[in-house]
Amino acid sequence: MMEVCPKAKLYGTTEERAFYDWFFPRTHIIESSPRLRRLARQEADRLGLGAMDALHLAAASVGGADLFLTGEGQSKPMYASNLAVVRHYSEIQSRSPTLL
């Protein structure tokens, strides 16, 4: 949450901020573990991911997430991850206008 919400607020992307305000209360914390860190490192090495993206994807996998939502553009390597199905948050909004 600290990674994305301040940027959305600072740069005035109200749609993105509204999504995060809706989304984050519906999530849960996945504690770090050797397995999570190993998965993150493997995926980072395989795709050239940054540390936080790799850790977030690994947490989604370990936590059994059905979907990994991101604000990152679709050209980013995280979309090629095998750890989770990655979608841009706007895809979810367009399918469910009552989401927000």
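Scroll up for the structure.
Residues numbered from 1 in each chain as written. Predicted model: local features only at pLDDT ≥ 70, side-chain atom pairs only at ≥ 80, totals over all residues. Heavy atoms only, no water.

**So, the nonpolar core**
Note the cut-off: Among the buried residues, those of types Ala, Val, Leu, Ile, Met, Phe, Trp, Tyr and Cys that are joined through side-chain atoms within 4.5 Å form a nonpolar core. Exposure classes here rest on a 1.4 Å probe applied to the protein chains alone. A residue is buried below 20% of its type maximum, exposed above 50%, and partly exposed in between. Secondary structure follows DSSP: runs of H or I at least 4 residues long count as helices, runs of E at least 2 residues long count as strands, and numbering of each begins at the N terminus. Every residue pair with non-hydrogen atoms within 4.5 Å of one another is taken to be in contact.
Grouped together as the largest cluster of nonpolar side chains are 16 residues, with contacts concentrated most on Leu-49, Leu-57, Ala-58, Phe-68 and Met-78. If you list the elements that add at least two residues to this core, you get α3 (34–47) and α4 (51–62). In contact with Leu-49, other than residues within four places in its own chain, are Glu-43, Ala-44, Ala-54, Leu-57, Pro-77 and Met-78. In terms of nonpolar packing, the next biggest core, distinct from the first, is built from five residues, Phe-19, Tyr-20, Leu-69 and Ile-92 among them.

**Some details on the packing of α3 against α4**
Definition in use: Where helices are involved, their axes are fitted lines through C-alpha atoms of the stretch in contact, as for all axes, and angles between N-to-C directions lie from 0 to 180°. An angle below 35 degrees is read as roughly parallel, one above 145 as roughly antiparallel, one from 65 to 115 as roughly perpendicular, and any other as oblique. Take the far helix as your reference; a near helix turned counterclockwise from it by less than a right angle gives a left-handed crossing, and one turned clockwise gives a right-handed crossing. Amino acid classes used here: Ala, Val, Leu, Ile, Met, Phe, Trp, Tyr, Cys and Pro are nonpolar; Asp, Glu, Lys and Arg are charged; the rest, including Gly, are polar.
At a minimum axis distance of 8 Å, the contact between α3 and α4 shows a crossing angle of 130°. The orientation of α3 relative to α4 falls into the category oblique. Read as a crossing pair, α3 and α4 show a hand that is right-handed. Residues Arg-35, Leu-36, Leu-39, Ala-40 and Ala-44 of α3 touch α4, and the partners they reach there are Ala-54, Leu-55, Ala-58, Ala-59, Ser-61 and Val-62. Of the residues in the contact of α3 with α4, the class split is nine nonpolar, one polar and one charged.

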